[in-house]
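Structural features, examined
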Amino acid sequence: MPETRPPIELAGRSLDEIAAAAADRRGPPVERWNPSHCGDSGMRIDREGRWFHDGKRIERDALVRLFASVLRREPDGRHVLVTPVEKLDIAVELAALRITAMSLDGDGERQRIAFQVSDGNALILGPGHALRFVDGLPLVTVRGGIEASFERPVWYELAELALAHDPPGLWSAGSFHPFPLS
């Protein structure tokens, strides 16, 4: 089944339109599939969010989005590719996905920040999509324990916003996300 849904683009859209598009986007029900573990997929996702199979980079974005749609995080922290009939391990070095763009509206406690995700989806930073730091690197929860790291230009833009506040951090969708200074 080829990936036919176009990615949700942030450019030229209001935050309300982005939020509505993200809410309408439904992926496969991977959380309800519980097949037996079948082994290793031979796939890995490096620290830069690039996907590889048997050492060769997967270049087709639509294929990466298709694999990402059946990606799940297990309770023990492992990442797996899951279908109704099989479950295969996939190695993830830092985060399975990447934040590739951002958009915001409002200010202070009324501010909302939208992120475009490399799997073709979008999200609004806030409850359910929290920001956390691991070894000084920012990660945001996408779904079911799957996290996304940030493309460098997006991270710099986000950090600039956060450092303009005292204490450093961001408001989005009614929640505050503090930034560590060390």
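Position numbers for residues start from 1 in each chain and track the written sequence from start to end. Given that the model is predicted, a residue must reach a pLDDT of at least 70 before its local features are reported, and side-chain atom pairs must reach 80 or more before they are shown or counted; all residues, however, enter totals for whole chains, interfaces and linings. Just so you know, side-chain values use all the structure's heavy atoms and leave hydrogens and water out.

Here we take up the sheet that holds strand S12 (residues 146-150). One bridge is not enough; two strands pair if DSSP finds at least two bridges between them. Only DSSP runs of H or I with at least four residues qualify as helices, and only runs of E with at least two residues qualify as strands; both kinds are numbered from the N terminus onward. With mixed pairing, six strands are arranged side by side in an open sheet as S9-S8-S7-S12-S11-S10. Each edge of the open sheet carries a strand with a single partner, namely strand S9 (122-124) and strand S10 (131-134). Neighbouring strand axes in the sheet, compared pairwise and without regard to direction, differ in orientation by 40° on average. Note: S10 against strand S11 (residues 137-143), four bridges, orientation antiparallel. Its bridge partner being in S11, Val134 is matched across the sheet by Leu137. Each axis is a line fitted through C-alpha atoms, and for a helix only the stretch in contact is used; angles between axes span 0 to 180 degrees, taken between their N-to-C directions.

Between the rings of Phe, Tyr and Trp (Trp by its six-membered ring), a pair exists once the centres lie within 6.5 Å; its type follows the angle of the planes, with under 30 degrees stacked, over 60 edge-to-face, and the other angles tilted. Counted according to the given criterion, the structure contains six aromatic pairs. A centroid spacing of 5.4 Å and a plane angle of 10° characterise the contact between Trp155 and Phe179, whose relative ring orientation is stacked. You can see Trp155 sitting in helix H3 (residues 152-163) and its partner Phe179 sitting in the segment after strand S14 (175-178), a full 24 residues away along the chain. Each member of the pair Trp155 and Phe179 is classed as buried. In this structure an aromatic cluster arises from ring pairing among Phe115, Phe133, Phe150, Trp155 and Phe179. The classification of residues rests on relative accessible area computed with a 1.4 Å probe and restricted to protein chains. Under 20% of the type maximum is buried, over 50% is exposed, and intermediate values are partly exposed.

What follows deals with the UniProt feature "domain: DUF1285" (unreviewed entry) in the chain. UniProt positions are given in the numbering used here, feature names are shortened, and annotations may be inferred rather than shown by experiment. Mapped onto this numbering, the UniProt entry annotates "domain: DUF1285" (unreviewed entry) at residues 28-93 and 99-178. Each end of residues 28-93 is marked by a C-alpha atom, and these two atoms are 24 Å apart; helix forms 14% of the span and strand 41%. Each end of residues 99-178 is marked by a C-alpha atom, and these two atoms are 19 Å apart; helix forms 15% of the span and strand 50%.

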